[in-house]
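# Descriptive structure summary
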Amino acid sequence: MTFRAVLVGCGAMSKGWLSAVVGSELLKGRVEVVGLVDLDHKAAEARALEFSLTDAVIGADLDDVLSKTIPDLLFDVVVPSAREAIAETGFAHGCHVLSEKPMATTLAAGQALIAKAEAAGRIHAVVQNRRFISGVRRIRRFLEGGAIGELTGLHCDFFIGAHFGGFREEMQNVLLLDMAIHTLDAARFMAGKTPLAVYCHETNPRGSWYAHGAAANAIFEFSDDVVFTYRGSWVAEGANTSWESAWRFIGTKGTLLWDGAEAFDAKTVTGDGGFLREVSPVAVPDPEDARQTHGHASVIAEFLDAIEAGRLPETASNDNIKSLAMVFGAIESARSRQRVEIAV
Ligand SMILES: NC(=O)c1ccc[n+]([C@@H]2O[C@H](COP(=O)([O-])OP(=O)(O)OC[C@H]3O[C@@H](n4cnc5c(N)ncnc54)[C@H](O)[C@@H]3O)[C@@H](O)[C@H]2O)c1
């Protein structure tokens, strides 16, 4: 079927959404954009022109545009601080809502949105596009298959000197809330484990161009005694890692290294003597389903597939809240300087 959608929030990220909806093979013929909304009317008009959406209703008031268009879907691409009110308006109009990350600005607000979606009988999901990439899918499959034995630890480094300007430079806990949500979600997905607790040290390093929390170091306890360590900074100039981070996965039989791009290096023990055991390389197979490796387009396709099949999508809010809980657990730990249990 072709879904009718209104997109709200016509800023920078909306270009990625509309490019996926209009240009991706995965979404061809599946979505008609019937409305574009932004507080800045001109921003919505500009996107309509850019993507030749000449029949779309343009407006600054979401409630009004939803009343005029009665869409199936609301695509929520507003700034995080506006998210909760926007998603609620979508449910009130009977829309399935796909929101940008983070799904809410507090855990309680996230839980309230899950309840609102359930009460409305609508699907509510979150864009975690960075788990819909080839490397993350390959690693999930590789680890799940036991290629390096049982997973005992995963460790990642995220270091980028990123100069965005805009809302991020004013935000509290900017790295954890705006970026680490992707990395922590990917860690949870690749490990296939449940987050149980966290200790985090958060800083805004000297020279930072952000208002707060541009760096963080965290130790997460996952189920089955798996440890996940995260080291990240958005004010680390001089040697950028990939946006996906640089990773080390350790299992009972070997190790997988991933540079966050195309380089995979997996080795398992093949010798049984000597101080350092002999190791041999192991291949990391391709992803099982190439449809799941196209970022935003894959998240949107999964959302549509789930609605059609009457099931929950992979990034449904009632699962995604576990990633949000990792973020807020880390923020709380940094504030209290205590280990914090994660319970959602
Ligand atoms: N998934 C990703 O990889 C990724 C990447 C970048 C940004 N994002 C997320 O996308 C969201 C938007 O980020 P952005 O970079 O496009 O921000 P932006 O500031 O460029 O755009 C946000 C737009 O929302 C509009 N807006 C704000 N409140 C509104 C309201 N109540 N009603 C209608 N419009 C409203 C603003 O006028 C602005 O045009 C954020 O949640 C951000 O975290 C995700």
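Residues numbered from 1 in each chain as written. Predicted model: local features only at pLDDT ≥ 70, side-chain atom pairs only at ≥ 80, totals over all residues. Heavy atoms only, no water.

The name given to the protein chain in an unreviewed UniProt entry is Oxidoreductase, and the organism recorded there is Devosia nitrariae.

### A few points about the overall build of the protein chain
Stated precisely, the cut-off is as follows: A helix here means a DSSP run of H or I that spans at least four residues, while a strand means a run of E at least two residues long, and both kinds are numbered starting from the N terminus. Each radius of gyration is computed over the set of C-alpha atoms, and the globule rule expresses the reference value as 2.2 Å times the number of residues to the power 0.38. Per-residue accessibility takes into account occlusion by the displayed protein chains alone, with areas from the Shrake-Rupley method and a 1.4 Å probe. Charge counting follows a simple rule: Lys and Arg are positive, Asp and Glu are negative, and His as well as the terminal groups are ignored. Charged groups are reduced to one reference atom each: NZ for lysine, CZ for arginine, CG for aspartic acid, CD for glutamic acid.
A count of helical and extended segments in the protein chain gives nine helices and 15 strands. Since a compact globule built from 344 residues should have a radius of gyration of about 20 Å, the 21 Å found for the protein chain is in line with a globular shape. Taken along its principal axes, the extent of the C-alpha atoms in the protein chain is 75 × 45 × 40 Å. A total of about 15000 Å² of accessible surface is found on the protein chain, and carbon and sulfur atoms cover 51% of it. Treating the 32 positive side-chain charges of the protein chain as one cloud and the 44 negative ones as another, the clouds have centres 3 Å apart.

### Brief notes about the site of the ligand
Selection rule: Near is defined per residue: the residue qualifies when any heavy atom it owns lies within 4 Å of the molecule or strand. N or O atoms closer than or at 3.5 Å make up a polar contact, with two conditions inside protein: a donor-capable atom paired with an acceptor-capable one, and, for residues adjacent in sequence, both atoms drawn from side chains. With a 1 Å grid laid over protein atoms only, a set of points is called a cavity when a 1.4 Å probe fits there but cannot get out and a pocket when it is open yet has protein on both sides within 12 Å along at least five of seven lines; lining residues have an atom within 4 Å of a point. Here the criterion for a molecule occupying a pocket or cavity is that more than half of its atoms lie within 2 Å of the pocket grid points. Delimitation of the domains relies on an automatic or database domain assignment.
As a matter of local geometry, the ligand sits amid 22 residues, with A12, M13, D38, K101 and N129 nearest to it. The separation between an oxygen atom of the ligand and a polar side-chain atom of R83 is 3.2 Å. Measuring from an oxygen atom of the ligand, one finds a side-chain N or O atom of K101 at 2.9 Å. With the chains in place, 81% of the 860 Å² that the ligand exposes on its own is no longer accessible. For the ligand, the cavity whose grid points lie within 2 Å of the majority of its atoms is the largest pocket. Contributions of two or more residues to the shell around the ligand are made by α1 (12-23), α4 (83-92) and α7 (174-191). Summarising the domain contributions, the shell around the ligand has at least three residues from each of domain 1 (3-122) and domain 2 (133-287 + 324-341).

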